[in-house]
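Residue-level listing of the chains:
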Amino acid sequence: SLGAGIALSRKTLRVIRQNLWWSFGYNFVSVPLAMAGLVTPWMAGIGMAGSSLLVVLNAMRLQRRRGRS
């Protein structure tokens, strides 16, 4: 229904904003640490993979359906 579509689009925008804030925060912290030499390349790779996994898992919450008909 139209109401369900509108609700899903609002939830989608909320998740997109969450993911953008997470990505911004992660990069805001990790880039200066890497530039200062406090993070090795392998640590940065693991951190980026973990960050990407968190974003994907957060977005997957949109696939959950309540009260399937």
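Residues numbered from 1 in each chain as written. Predicted model: local features only at pLDDT ≥ 70, side-chain atom pairs only at ≥ 80, totals over all residues. Heavy atoms only, no water.

*Asks:* I keep staring at the overall build of the chain and nothing clicks. Help me out?
*Replies:* Regarding its fold elements, the chain presents two helices and zero strands. Against the globule reference of 11 Å for 69 residues, the chain gives a C-alpha radius of gyration of 17 Å, more extended than a compact globule. Principal-axis analysis of the C-alpha atoms places the extent of the chain at approximately 55 × 15 × 10 Å. As displayed, the chain has an accessible area near 5,800 Å², and 70% of this comes from carbon and sulfur atoms. (Helix = DSSP H or I, 4+ residues; strand = E, 2+ residues; numbered from the N terminus. Rg over C-alpha atoms; globule rule 2.2 N^0.38 Å. Areas by Shrake-Rupley, 256 points an atom, 1.4 Å probe, with all protein chains shown as cover.)

*Asks:* Explain the side chain of Asn 19 here, please?
*Replies:* With respect to the helices and strands, Asn 19 occurs in helix H1 (residues 2-35). Look past the residues within four positions of Asn 19 in its chain and what remains in contact with it is Val 55, Asn 58 and Ala 59. (Contact = heavy atoms within 4.5 Å.)

*Asks:* Sorry if this is basic, but what is going on with a nonpolar patch on the surface here?
*Replies:* A contiguous nonpolar patch, built from Trp 21, Phe 24, Phe 28, Val 29, Leu 33 and Leu 38 and spanning about 710 Å² of accessible area, is present on the exposed surface. Note on placement: Trp 21 falls in helix H1. On the basis of relative accessibility, which here comes to 63%, the residue Trp 21 falls in the exposed class. (Patch = residues over 30% accessible without salt bridge, like charges linked within 9 Å, V, L, I, M, F, W, Y side chains within 5 Å. Salt bridge = Lys/Arg side-chain N within 4 Å of Asp/Glu carboxyl O. Buried < 20%, exposed > 50% of the residue type's maximum accessible area, 1.4 Å probe, protein only.)

*Asks:* Got a minute to help me understand H1 in this structure?
*Replies:* Two residues of an α-helix separated by three or four positions point the same way, owing to the 3.6 residues in each turn. With 34 residues, H1 extends 49 Å between its outermost C-alpha atoms, agreeing within 8% with the 50 Å of an ideal straight helix rising 1.5 Å per residue. By the burial criterion, the buried members of H1 are Val 15, Asn 19, Tyr 26 and Ser 30. Here the buried face of H1 lies against helix H2 (41-60). Once H1 finishes, Gly 37 follows within two positions and takes phi at roughly 80°, a positive value. (Expected span 1.5 Å × (residues − 1).)

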